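Below, each chain spelled out in residue letters.
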Amino acid sequence: MAHEIGSLARTILAAFAFCVTFAVTGAAASVDLITEEEARLPATPKMATRGGITRGPGIKVLSPNAEAQVKAPFAMKVEFQPHGGAKIDAGSVKVTYLKKPAVDLTPRLKGAISEAGINLGDANVPAGTHDIKIDVTDAEGRTKSETVSFTVVK
């Protein structure tokens, strides 16, 4: 009986260690970020970045690189830069594919969004040029928006 309990405890600890490693590394399965059907929707005009008089959080896109063409799947990494000691409200982050009608990508990225930013290992996106708007709000209610454009090739 003691051997069975010890074996069960090791199994539970191994499962716990896997979950912790998964959460810490931000590892995620491949995500279909944009579908072929969504990519065929009409584009909307690009929107200007938005910030108020006070200094809202910064948004720094690390990848995909807007200056280079990328192949899918690719890593999507965005860093949020809080200012004035305010923390980013991860629950306020909204990611929108700029099409008519607009497509809310936030639920697809839910597991990849944190106070630090967006960290998605494999984003599946069809070939073409895509515009995505990212809205971030800090704990003091200051909001910043950034439009990200990137081109995916086959």
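Above this text is the structure in question.
Definitions and cut-offs
- Residues numbered from 1 in each chain as written.
- Predicted model: local features only at pLDDT ≥ 70, side-chain atom pairs only at ≥ 80, totals over all residues.
- Heavy atoms only, no water.
- Helix = DSSP H or I, 4+ residues; strand = E, 2+ residues; numbered from the N terminus.
- Buried < 20%, exposed > 50% of the residue type's maximum accessible area, 1.4 Å probe, protein only.
- Contact = heavy atoms within 4.5 Å.
- Areas by Shrake-Rupley, 256 points an atom, 1.4 Å probe, with all protein chains shown as cover.
- Core = buried A, V, L, I, M, F, W, Y, C linked by side-chain atoms within 4.5 Å.
- Salt bridge = Lys/Arg side-chain N within 4 Å of Asp/Glu carboxyl O.
- Pairing = 2+ DSSP bridges.

**Student:** Sorry, what's going on with the overall build of the protein chain here?
**Tutor:** Scanning the protein chain from N- to C-terminus turns up three helices and 10 strands. Along the protein chain, from the amino end to the carboxyl end, the secondary structure elements read α-β-α-β-β-β-β-β-β-α-β-β-β. By the burial criterion, 35% of the 154 residues in the protein chain qualify as buried. In the protein chain, the share of contacts with a sequence separation of at least 24, taken over all contacts with a separation of at least 6, comes to 70%. In the form shown here, the protein chain has an accessible surface area of approximately 9,200 Å², with 58% of it arising from carbon and sulfur atoms.

**Student:** So what exactly am I meant to see when it comes to the nonpolar core here?
**Tutor:** Nonpolar side chains tend toward joint burial in soluble globular proteins. Ranked by internal contacts, the top residues of the largest apolar core, which has 29 residues, are L33, I132 and I134. Within the residue set of this core, elements represented by two or more residues are strand 5 (74-81), strand 6 (94-97), strand 8 (117-124), strand 9 (128-137) and strand 10 (143-153). At four residues, strand 5 tops the list of elements feeding residues into this core. Apart from residues lying up to four places away in sequence, I134 is in contact with I59, V78, F80, K94, V95, K144, S145, E146 and V148.

**Student:** Just checking my understanding: could you explain the pattern of salt bridges for this structure?
**Tutor:** On inspection of all chains with the given rule, the structure shows four salt bridges. For the salt bridge of R142 with D138, the shortest nitrogen-to-oxygen distance reads 2.8 Å. A salt bridge links E140 to R142, with the nearest nitrogen and oxygen atoms 3.5 Å apart. In this structure R142 comes out as buried when scored by relative accessible area, which is 15%. Beyond isolated ion pairs, a larger network of salt bridges with shared partners links D138, E140 and R142.

**Student:** Can you walk me through the sheet that holds strand 3 (residues 58-63) in this structure?
**Tutor:** Within a beta sheet, neighbouring strands are joined by backbone hydrogen bonds and run either parallel or antiparallel to one another. An order of 1-8-5-3 is seen for the four strands of this open sheet, with the pairing classed as mixed. Two strands close off the open sheet at either side, each with one partner strand: strand 1 (31-32) and strand 3. The pairing of strand 3 with strand 5 spans five bridges and is classified as antiparallel. Looking across to strand 5, one finds that V61 is bridged to V78.

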